[in-house]
Every structure is written in structure tokens, then in C-alpha cells.
Amino acid sequence: MPTCHLDLNLVLCSDIIDISLQRLIFKKHAMARRHNPTKVVMWTLILLPAGFFISVVLLKLGNTSTADWLHVFWSRQSKRTPKLTAGPCASNSRCPEDHFSFYMQSGAANVVAPKICVQSKLVLGTVLNNAGLGINVVVLNGKTGAVLQSDHFNMYSDDDKPLIDFLKNIQQGSVVLMASYDDPSTKLSGEAKKLIGELGSSVVQSLSFRDNWVFVGGKGVVTSNFEKLLKNDKEKNKYNNWPEIIQLEGCIPKYLG
């Protein structure tokens, strides 16, 4: 039986299919003359519409190659059955155009790192390899929402001078997001707490060993409405020596200064 390929001219291909189907029908006619005339009608009704359908499809595709045809097929299939995935930044916040959406969560004990998302995009987390023990910080451009800096500072075994230098260099109008992981406070000095307070934090002064804490503020903000603190309490802790994860989400107004 003749063969055809989708990467040849498909008009010719459809002609080949028609000829092949005609030969099959002729063969069935010959067999039917020796056996059962009713089968002639049955095979004719089956094969002729099938041949017509295949020819129309091939002619519609014109000179499309096999790869292009597969692309068209899969693109059509994907429209019919879209894959919906929440991803790492699932959030219920729907923000006005002059705001940025954010979603963040603290770390879990000293095992699961925190994550910070902006506009439904992960900007800090394990998969980006930019989260670590202590205080995790992301700085955004207050007008565009673009990430300017991200870093993490170990507050259990390291000095807090790198954190202090980092905080002092934050520009006016920047948005600052912070999330704790394991211990955010052992080496956190009064000077560092003062600088974080100037970003709008109202609870940083009471931050203690292995507390869980998330915060969103900015350079020039008096008091932030986006802050949560969960104290380390052995009688209430979910993870033995650590409190449970805390989450925070909302809409940050763009800086208009």
C-alpha cells in the first residue's frame, strides 16, 4: 500500500490516501462478489467518509511539516485542558494597580527555610538558594516593585555588623520585607533593632531567642501594618523548641515620593 508523510506536500498525500482507500474498496467489492453483497455497502459507508475526513484535515494543514502539526495539535490540546498549579506563591490577595501584592512565611524550626513572594513571584526561598538562618531580607524599589537586594544574616553565631551596614544603605522609598529562620535575635544589638524600628517595625524590640517573625516596612515608614510575631514558648510550640510557621500577605502601596 502506498505511504505518505506529513512533511511532504499534503495535497499529494491526501490523493495517495484516496487512491489507497479506493483500492481497499475495490478489494472488498471483489471479495464481496464471492461472499456477501451486503458487506459491500457496509465497507463503502465506513471507508468513504473516513477518506473524505482525512483528506479535508490534511488539506487544511496545507504544507505544514510534521513538527508544526504536532505543535498545532498540542497547543490546541493545552487550550482544552489547561494545567492549573498554585506554585510556591499561592495568595488570596488581589491588589489595586497602584499596589504590589506580597506573600511570605517564616521558617519552620531550623529545617524549612522562609519564603518571600512579590507579585506572585518567588524572590527569596530554598529553590533560589538565597535564604538562610537568622533574618532574611528583601529590598524592593518602592515605585516599580523590582528586587534591589536580598540577603540573610545569621543572628545566632555571627556578628550583626553586616546587617547594620545593610540596613544603613537602604534608600528612601524602598520597601523592606523580613522573615526569620531558626533564631533572629541572639546577636541582634540595640542599634540593629533601632534601625529596623525606623523601617516601621513595632515589635522588633521584643524579639527573642527562636521567635518567629515576619515584617514588611520601608525607609520612611512610621509604623507598618504588616507584621506578625509568634513567641517561642515550650508549652505552646508546634515544633518542640520552635513555634509554628507564620504567614503574612497583603498589598503594599507604591511609593509616590
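For the structure, see preceding data.
Model, not experiment: these values are computed from the prediction.

## Some points on unusual backbone geometry
(1) Moving on: Despite not being glycine, Q119 shows a phi value in the positive range, around 55°.
(2) Moving on: By secondary structure assignment, the location of Q119 is in the loop between β2 (115-118) and β3 (121-124).
(3) Moving on: Unusually for a residue other than glycine, N129 sits at a positive phi of about 60°.
(4) Moving on: What makes N129 exposed here is its relative accessible area of 71%.

## Here we look at the side chain of K115
(1) Moving on: Among the structural elements, K115 can be located in strand β2.
(2) Moving on: Despite being buried, K115 has no salt bridge partner; E249 is the closest side chain of opposite charge, sitting 11 Å away.
(3) Moving on: Once residues within four sequence positions are removed from consideration, K115 is found in contact with P88, Y103, M104, Q105, L122, L124 and G125.

## What to know about the sheet that holds strand β5 (residues 147-153)
(1) Moving on: Judged by pairing direction, the sheet is antiparallel, and its five strands sit side by side in the order β5-β4-β6-β7-β8 without closing on themselves. The open sheet has two edge strands with one neighbour each: β5 and β8 (226-230). Geometrically, the sheet is characterised by an average inter-axis angle of 10° between neighbouring strands, direction not taken into account.
(2) Moving on: Pairing between strand β4 (residues 134-140) and β5: six bridges, direction antiparallel. Bridge pairing in β5 links V138 to S150.
(3) Moving on: Packing of helix α4 (residues 161-168) onto the sheet brings it into contact with β4, β5 and β6 (175-181), and relative to β5 it is tilted by some 160°.

## Things to note about the sheet that holds β3
(1) Moving on: Read from one edge to the other, the open sheet built from four strands follows the order β3-β2-β1-β9, with strand pairing classed as antiparallel. In this open sheet, the two strands that pair with only one neighbour each are β3 and β9 (247-253). Neighbouring strand axes in the sheet, compared pairwise and without regard to direction, differ in orientation by 25° on average.
(2) Moving on: Direction of pairing for strand β1 (residues 99-105) relative to β2: antiparallel, over a ladder of four bridges. Bridging across to β2, Y103 finds its partner in C117.

Rules and cut-offs
Residues numbered from 1 in each chain as written. Predicted model: local features only at pLDDT ≥ 70, side-chain atom pairs only at ≥ 80, totals over all residues. Heavy atoms only, no water. Helix = DSSP H or I, 4+ residues; strand = E, 2+ residues; numbered from the N terminus. Buried < 20%, exposed > 50% of the residue type's maximum accessible area, 1.4 Å probe, protein only. Lys, Arg positive; Asp, Glu negative; His and termini not counted. Salt bridge = Lys/Arg side-chain N within 4 Å of Asp/Glu carboxyl O. Contact = heavy atoms within 4.5 Å. Pairing = 2+ DSSP bridges. Axes fitted to C-alpha atoms, helices over the stretch in contact; angles between N-to-C directions.

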